[in-house]
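Architecture at a glance
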Amino acid sequence: SLHTPKNQATPSLGITGAGGFIGLHLQKFLDSRQLEFTPLRIRGSNPSNVEISLEELKASGINTLIHLGWPASSTKDYKFSNSNLGAALLTIQIAEFCAGNEIHFLGCGSPAEYSDESTEYAKAKRIVRASLDDLIAMQRITWLRPHHVFDGSTWPLFLREAKSGQRIRIYDNSEKLFIHVEDVVAAIHAATKHRLYGEIDIAPSRPTKPSTLLASLKLPHSVIGNLNANQSTKNLHMAALLETGWRPIVTDSLFQST
């Protein structure tokens, strides 16, 4: 549905990828606070609600764009799909257009952008990050980087499998920066509300093992191996976000109960 502000003719906030995993949670978050937005489909991106060109975006009155559009990561073999490159090129085009037309662009990065993973997904994320590096460094756009996002039941895949009753066997091979999707959308809202620019990591207070996440959710599992490769919370770009008062409340409360 098209959300239209009561006090103006055109909405000021647009969201691409509003029908995706993070997008649906963001919609729920904004609706619960009676905040208005328009779900968008920039031509050539993933389908959402309102199809629009970049020139139409400029004329629409939208002055803030949260760009979550990307090939759905719930689809089979999405990491190896050639559509990742198309999404990367479109993201670059949208970001550069917004930066040149006084539209606050908030893009969605990924830890994959600084990994050495050889999948099409990771390569596309690295292309986007490298191409937009100057705009990010000059604080002309916002680059949000949610880390390992989960929702407690369906995301990521190993949680979905455990929730279905399977006793999954995992290699507890690292501590990851697992962050609950409710904390992610609260961070996106904080970055939008406070007009934060530059690079912003969205991560928990500390890294956690997959087994700890499963135990916190009381899901059946067994550990079949353990390597010592941990992800650090050092050098994350979180100062500006923390200054808004945001905290990973849902994530921290879940792990503290373990």
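Residues numbered from 1 in each chain as written. Predicted model: local features only at pLDDT ≥ 70, side-chain atom pairs only at ≥ 80, totals over all residues. Heavy atoms only, no water.

1. What about the packing of aromatic side chains?
So the rule is basically this: Put simply, two rings from Phe, Tyr or Trp (the six-membered ring, in Trp's case) pair if the centres are within 6.5 Å, and we call them stacked under 30 degrees between planes, edge-to-face over 60, tilted for the rest. The helix and strand labels rest on DSSP assignments: H or I over at least four residues marks a helix, E over at least two residues marks a strand, and numbering proceeds from the N terminus. Buried residues are those whose accessible area, probed at 1.4 Å on protein chains only, stays under 20% of the maximum for their type, while exposed residues exceed 50% and partly exposed ones sit between those limits.
Within this structure, the stated rule accounts for 3 aromatic pairs. With a centroid separation of 6.4 Å and 85° between ring planes, the pair formed by Trp70 and Tyr121 is classed as edge-to-face. Residue Trp70 is found in the loop between β4 (64-67) and α3 (83-100), and its partner Tyr121 is found in helix α4 (residues 120-131); the two are separated by 51 residues along the sequence. Judged by relative accessible area, Trp70 falls into the buried class, the value being 13%.

2. Points about a nonpolar patch on the surface
Where we set the bar: Like charges within 9 Å and nonpolar side chains (Val, Leu, Ile, Met, Phe, Trp, Tyr) within 5 Å are joined into patches, using only residues over 30% in relative accessible area that form no salt bridge. For the accessible areas, the method is Shrake-Rupley and the probe is 1.4 Å, while residue cover comes only from the protein chains on display. By definition here, a salt bridge exists when the distance from a side-chain nitrogen of Lys or Arg to a carboxyl oxygen of Asp or Glu is within 4 Å.
Residues Leu85, Leu89 and Ile127 make up a contiguous nonpolar surface patch of roughly 250 Å² in combined accessible area. Relative to the assigned elements, Leu85 resides in helix α3. Accessibility expressed as a relative area gives 41% for Leu85, which makes it partly exposed.

3. Comments concerning the confidence of the model for the chain
Basically, it comes down to this: The predictor's confidence in any single residue is recorded as pLDDT, a number from 0 to 100. By the convention used here, residues are in contact when the closest approach between their heavy atoms is within 4.5 Å.
On average, residues of the chain carry a pLDDT of 84, and 85% of them reach 70 or more. Taken element by element, the chain is modelled with least confidence in strand β3 (residues 50-52), mean pLDDT 66, and with most confidence in helix α5 (residues 133-137), mean pLDDT 97. For residues 1-10, every residue scores under 50 in pLDDT, and the model assigns this stretch 19 contacts once sequence neighbours within four places are set aside.

4. Remarks on the environment of Leu26
Here Leu26 shows up in helix α1 (residues 21-32). We classify Leu26 as buried; its relative accessible area is 1%. In sequence terms Leu26 and Ile188 are 162 residues apart; their C-alpha atoms lie 8.2 Å from each other. Residue contacts for Leu26: discarding those within four places in its chain leaves Ile15, Ile66, Leu68, Val185 and Ile188.

5. Overview of α4
The line we're drawing: The span one expects for a helix is its residue count, reduced by one, times 1.5 Å. Picture the helix axis, draw a direction to every C-beta atom, and the arc is the one those directions span.
When the terminal C-alpha atoms of α4 are compared, their 16 Å separation across 12 residues agrees well with the 16 Å that a helix rising 1.5 Å per residue should span. By the burial criterion, the buried members of α4 are Tyr121, Ala122, Ala124, Lys125, Val128 and Arg129. Angularly, the buried residues of α4 cover 160° about the axis, an arc narrow enough to put them on a single face. Taken together, the buried residues of α4 touch α3, β5 (104-108), α5, β6 (142-146) and β10 (198-202).

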